[in-house]
Amino acid sequence: MTRKSYTGEQLVVSFDGTICEHAGECVRGLPQVFDTKRRPWIDLSEITTEEQADKVREVVGRCPSHALLIEEKQ
Ligand code: SF4
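Throughout, a residue's number is its position along its own chain's written sequence, starting from 1. Where totals are concerned, whole chains, interfaces and linings use all residues; where local detail is concerned, this predicted model gives features only for residues with pLDDT of at least 70, and gives and counts side-chain atom pairs only at 80 or more. Side-chain metrics in this entry use all non-hydrogen atoms of the structure; hydrogen atoms and water are not considered.

**Considerations on the packing of aromatic side chains**
- Centre distance within 6.5 Å is the pairing criterion for rings of Phe, Tyr and Trp, where only the six-membered ring of Trp is used; planes under 30 degrees apart are then read as stacked, over 60 as edge-to-face, and the remainder as tilted. Going through the model one piece at a time under the given rule, you end up with two aromatic pairs.
- Ring centres 4.8 Å apart and planes at 75 degrees place the aromatic pair F15 and W41 in the edge-to-face group. In this pair, F15 sits in strand β2 (residues 12-16) while W41 sits in the loop between α1 (25-29) and α2 (50-61), placing the two residues 26 residues apart along the sequence. Per residue, the accessibility class of F15 equals that of W41, and both read buried.
- Geometrically, the ring pair formed by F34 and W41 is tilted, given 5.8 Å between the ring centres and 50 degrees between the ring planes. The pair F34 / W41 is uniform in exposure class, with both members buried. Runs of E in the DSSP output that reach at least two residues are strands. Runs of H or I that reach at least four are helices, and both are numbered from the N terminus. With a 1.4 Å probe rolled over the protein chains alone, any residue whose accessible area is under 20% of its type maximum counts as buried; one over 50% counts as exposed, and the rest are partly exposed.

Here you go:
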C-alpha cells in the first residue's frame, strides 16, 4: 500500500507517490498546502473554511495522474 493520507479539519487528501507524474499542478495551484521541500509535503493545517477546502478540491481535481485524491471526512 503506497497511498498515504493527510488529514485536515475539513477534508482528507491522499497521495500515491508511485503514480505521480510530477506535473506540478498541485504545487503551482496551492503552494501553501503542497510543498515538496517540506515534510510532510501536504499540510492541511491552514485549511479551516469550506471555501479553502473547495480550493483544495479544485487543485486535487487537476492532478492528471490521480496520485492525489480527496477522501471526504465522514
Ligand atoms: S498534480 Fe498530481 S501528478 Fe502532478 S505533481 Fe502533483 S501529485 Fe504529482
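**Here we look at the layout of surface pockets**
- Cavity: a set of points on a 1 Å grid over the protein atoms alone where a 1.4 Å probe fits but cannot get out. Pocket: an open set with protein on both sides within 12 Å along at least five of seven lines, its lining residues, like those of a cavity, having an atom within 4 Å of a point. Grid points are joined across faces, edges and corners, and a volume is the space filled by probe spheres set on the points. Approximately 240 Å³ is the volume attributed to the largest pocket.
- As for the largest pocket, its lining consists of 17 residues, and the residues nearest its centre are F15, C20, H22, C26 and W41.
- Examining the composition of the lining of the largest pocket, we find that three residues originate from one element, α1, more than from any other.
- Polar here means any residue other than Ala, Val, Leu, Ile, Met, Phe, Trp, Tyr, Cys and Pro, which are nonpolar, and Asp, Glu, Lys and Arg, which are charged; Gly is therefore polar. Residue classes in the lining of the largest pocket are distributed as 10 nonpolar, four polar and three charged.

**Comments concerning the nonpolar core**
- In this description, a nonpolar core means a group of buried Ala, Val, Leu, Ile, Met, Phe, Trp, Tyr and Cys residues linked to one another through side-chain atoms lying within 4.5 Å. Formed by 19 residues in total, the largest nonpolar core has its most connected members in V33, F34, W41, I42, L44, V56 and L68.
- Among the secondary structure elements, those contributing two or more residues to this core are β2 and α2.
- Residue contributions to this core peak at four residues, all from α2.

**Here we look at the sheet that holds strand β3 (residues 68-71)**
- For two strands to pair, DSSP has to find at least two bridges joining them. Taken in spatial order, the three strands of this open sheet run β1-β2-β3, and their pairing is antiparallel. A strand with exactly one partner marks an edge of an open sheet, and here the two such strands are β1 (3-7) and β3. Neighbouring strand axes in the sheet, compared pairwise and without regard to direction, differ in orientation by 25 degrees on average.
- Sheet topology places β1 next to β2; five bridges connect them, and they run antiparallel. Note on β2: the bridge partner recorded for K4 is F15. Angles run from 0 to 180 degrees between N-to-C directions of axes, and those axes are lines fitted to C-alpha atoms, restricted for helices to the stretch in contact.

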